[in-house]
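This is what each chain is made of:
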Amino acid sequence: MSAFLNSATATAATAAAVDPACAEPLPVLGRDVTVPLVTGGEVTYAALDYAASAPALQRVWDDVAAYAPYYGSVHRGAGYLSQLSTDLFEQSRATVAEFLDCRPGDQVVFTRSTTDSLNLLAAALPAGCQVFVFETEHHASLLPWTNAQVTYLNAPRTPAQAVATLERALADRDPYGPALVCVTGASNVTGELWPVKELAAAAHTHGARIVLDAAQLAPHHPLSVRDLGVDWVAFSGHKLYAPFGSGVLAGRADWLQEAEPYLAGGGASRKVARREDGGVDVEWHTTAARHEAGSPNVIGVYSIASACRALKEAGFENLVARENRLIARVREGLADVPAVRVLSLFGDDAPRVGVISFVVDGWNSSHFAAALSAEYGIGVRDGLFCAHPLVRTLLGSEPQEPGECGAPEAAPGERSLNAIRVSFGAGTPDEHVERFLRAVKELVADGAKWQYRTEEGRCVPAV
């Protein structure tokens with residue numbers, strides 16, 4: 001058992017600093033996939049939709065494949081495979097805690113996704129908890145707080161304004177009850193980094209706690225719970241170059257230990273006994289298992305741990321430097337096209353990750369994205385990106401105006417209140433970025449080569 005675990009979890013030395021101009025992308029699955037073009041022929045697919053789901057690292061896939069023959073149910077099993085899987089599962093928990101630089105006593109709970117993690121925390125809020133959340137959040141952070149008193153904060157236009165807005169709101173709250181602030185680390189619309197450390201300090205000054213939605217931050221930047229001062233952090237494996245449906249909620253244990261289990265069932269319970277009156281007495285776990293009822297997704301959990309190790313071994317300094325070069329290239333290329341308007345809250349100089357949203361004058365965004373895919377083999381995303389109030393604000397419409405995730409029912413050429421998002425990361429080749437910029441310039445200058453129609457709310461090539 002130990003031989004497999006030692007080989008599977010060995011950590012390489014930190015990578016030496018690499019010139020970002022010479023750095024190579026990390027190997028990912030799908031890098032050689034070819035797709036057909038409506039204009040004829042095939043081309044290697046350019047996956048520029050990392051903000052939705054990043055391709056799995058080849059390293060992660062190889063680790064999972066090596067473990068797969070040893071797969072077994074975790075905890076309480078006496079068999080060899082069960083014991084090995086249990087050890088791997090708990091070692092993965094320790095790996096994630098190290099990746100996040102958690103504090104002593106913090107718990108790492110495995111979930112299905114960022115959305116699941118934040119809903120778990122919402123279910124664990126103490127009675128009377130007040131929640132403060134900016135309208136700029138992804139719906140996973142905006143919507144779970146149905147059992148709390150929620151204050152929605154207007155979109156700030158500078159990081160300093162974000163901190164000041166939060167401080168004013170917290171100063172006006174009931175100072176004696178529990179409170180929670182929920183904030184993103186990097187916007188899934190603009191890619192801009194938020195002043196998390198300053199927001200955490202403001203929250204704690206006013207007696208509130210803070211949870212960080214790190215879905216877009218964790219794949220792009222090193223993340224320290226201890227240094228940022230956040231109470232919890234949530235992220236998804238499928239954005240961290242890991243396949244399968246797993247996520248993480250990590251942070252302070254007290255609210256989680258005091259709450260009813262997120263799911264009631266096996267694994268969450270320590271003891272269950274019948275009472276004389278016919279009922280059932282239950283003693284729940286106080287560890288992370290309290291909120292992990294049922295047979296867990298061992299392979300998904302192991303894939304997250306593998307991705308954490310792979311990113312640390314690659315050297316975040318190198319990954320960030322290379323990504324910053326790609327960001328600069330995309331922004332420079334888009335700036336050369338007068339019809340393109342890049343969306344931003346904090347301005348051109350704001351630090352950001354590889355997530356950029358834009359609109360093109362005279363184009364329906366769904367039509368533009370469809371043409372990128374059908375005529376150039378480039379995968380981007382269009383719509384409101386499950387951040388409707390933010391995108392509406394950035395587009396100059398009313399933030400409360402309704403919209404749909406995905407394209408609205410607008411024909412090619414008609415204006416639509418949605419945007420186009422290009423996103424990239426550690427596995428993105430330079431060629432994909434250059435192809436994307438050439439395609440944008442050609443579509444704006446010459447128009448689409450193919451006819452398109454609207455089908456079930458989506459713009460698709462006409463047959």
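Residues numbered from 1 in each chain as written. Predicted model: local features only at pLDDT ≥ 70, side-chain atom pairs only at ≥ 80, totals over all residues. Heavy atoms only, no water.

**Side note on the overall build of the chain**
- Each helix and strand in the chain was counted, giving 14 helices and 19 strands.
- For the chain, whose C-alpha radius of gyration is 23 Å, the value lies close to the compact-globule estimate of 23 Å for 463 residues.
- Expressed as lengths along the three principal axes of its C-alpha atoms, the size of the chain is roughly 80 × 55 × 45 Å.
- A burial count over the chain gives 56% of its 463 residues as buried.
- Across the chain, contacts joining residues at least 24 apart in sequence account for 72% of those joining residues at least 6 apart.
- For the chain, the accessible area works out to roughly 19300 Å², and carbon and sulfur atoms hold 52% of it.
- For the chain, the distance from the average site of its 37 positive side-chain charges to the average site of its 53 negative ones is 2 Å. (Helix = DSSP H or I, 4+ residues; strand = E, 2+ residues; numbered from the N terminus. Rg over C-alpha atoms; globule rule 2.2 N^0.38 Å. Buried < 20%, exposed > 50% of the residue type's maximum accessible area, 1.4 Å probe, protein only. Contact = heavy atoms within 4.5 Å. Areas by Shrake-Rupley, 256 points an atom, 1.4 Å probe, with all protein chains shown as cover. Lys, Arg positive; Asp, Glu negative; His and termini not counted. Charge placed at Lys NZ, Arg CZ, Asp CG, Glu CD.)

**A word on the packing of aromatic side chains**
- Taken as a whole and assessed by the stated rule, the structure comprises eleven aromatic pairs.
- Seen from their ring centres, F99 and F316 are 6.2 Å apart, and the 40° between their planes marks the pair as tilted. Taken together, the residues span a long stretch of sequence, with F99 in helix α3 (residues 80–100) and F316 in helix α11 (residues 316–335) at a distance of 217 residues. You'll find F99 and F316 in the same group, each marked buried.
- These aromatic residues form a ring-pair network of at least three members: F358, W363, F368 and F436. (Phe/Tyr/Trp six-rings, centres within 6.5 Å; stacked < 30°, edge-to-face > 60°.)

**Notes on the sheet that holds strand β6 (residues 149–153)**
- If you walk across this open sheet you meet the seven strands as β4-β10-β9-β8-β7-β5-β6, and the pairing is mixed. At either margin of the open sheet sits one strand with a lone partner, and together these are β4 (107–111) and β6. Along the sheet, successive strands turn relative to each other by an average axial angle of 20°, direction set aside.
- Against the sheet, helix α4 (residues 114–123) makes contact with β4, β7 (179–184), β8 (209–213), β9 (232–236) and β10 (247–251), and its axis sits at roughly 150° relative to β9, the strand it touches most.
- The strands touched by helix α6 (residues 159–171) are β5 (130–134), β6 and β7; relative to β5, the strand with the most contacts, the crossing angle is about 160°. (Pairing = 2+ DSSP bridges. Axes fitted to C-alpha atoms, helices over the stretch in contact; angles between N-to-C directions.)

**Re the pairing of strand β19 (residues 458–461)**
- Bridge analysis of strand β18 (residues 452–455) against β19 gives four bridges, and the strand direction is antiparallel. Directly across from T454, in β19, lies its bridge partner C459.
- Between the end of β18 and the start of β19, which pair antiparallel, lie two residues, with E456 showing a positive phi angle near 50°.

**Observations regarding the nonpolar core**
- Grouped together as the largest cluster of nonpolar side chains are 84 residues, with contacts concentrated most on L100 and L223.
- With nine residues, the single largest contributor to this core is helix α10 (residues 298–314).
- The contact partners of L223, leaving out residues within four places of it in the chain, are F99, L100, D101, L212, A214, L217, A218, L228 and V233.
- Ranked by size, the runner-up nonpolar core spans 33 residues in total, among them I327, V360, I420 and V440. (Core = buried A, V, L, I, M, F, W, Y, C linked by side-chain atoms within 4.5 Å.)

**Considerations on the sheet that holds strand β16 (residues 381–383)**
- Spatially, four strands are ordered β13-β14-β17-β16 in an open sheet, and the strand pairing comes out antiparallel. Of all strands in the sheet, those with a lone pairing partner are β13 (340–342) and β16, marking the two edges. With direction set aside, neighbouring strand axes in the sheet form an average angle of 30°.
- Bridge count between strand β14 (residues 355–360) and strand β17 (residues 419–423): four bridges; the pairing is antiparallel. When the bridges of β17 are listed, F358 appears paired with I420.

**Quick word on a nonpolar patch on the surface**
- A grouping of Y70, Y80 and L81 is seen on the molecular surface, where their side chains present a nonpolar patch of about 260 Å² in accessible area.
- With respect to the element layout, Y70 can be found in the loop between α2 (58–67) and α3.
- We classify Y70 as partly exposed; its relative accessible area is 31%. (Patch = residues over 30% accessible without salt bridge, like charges linked within 9 Å, V, L, I, M, F, W, Y side chains within 5 Å. Salt bridge = Lys/Arg side-chain N within 4 Å of Asp/Glu carboxyl O.)

**As for empty space enclosed by the protein**
- The full count for this structure, using the stated rule, is one cavity of 30 Å³ or more.
- Within this model, the largest cavity holds a volume of roughly 30 Å³.
- Within the lining of the largest cavity, the residues separate by chemical class into five nonpolar, two polar and one charged. (1 Å grid on protein atoms, 1.4 Å probe; cavity = no way out; pocket = protein on both sides within 12 Å on 5 of 7 lines; lining within 4 Å. Points joined across faces, edges and corners; volume = space filled by probe spheres on them. Nonpolar A, V, L, I, M, F, W, Y, C, P; charged D, E, K, R; others polar.)

**Concerning helix α7 (residues 196–205)**
- All buried positions along α7 are accounted for by V196, L199, A200, A202 and A203. Take α7 and look down its axis: the buried residues cluster within an arc of 160°, on one side only.
- Here the buried face of α7 lies against α6, β7, β8 and α8 (225–228).
- G207 occupies a position one or two residues after α7 and carries a positive phi of about 75°. (Arc of directions from axis to C-beta.)

**Describing unusual backbone geometry**
- Residues other than glycine seldom take positive phi values, yet D101 does so here, at roughly 55°.
- Mapped onto the elements, D101 comes out in the loop between α3 and β4.
- Residue classification places D101 among the partly exposed positions, given a relative accessible area of 30%.
- You will see that F385, though not glycine, has its phi angle at about 60°, which is positive.
- Within the element layout of this structure, F385 appears in the loop between β16 and α13 (388–394).
- With relative accessibility at 6%, the residue F385 sits in the buried group.

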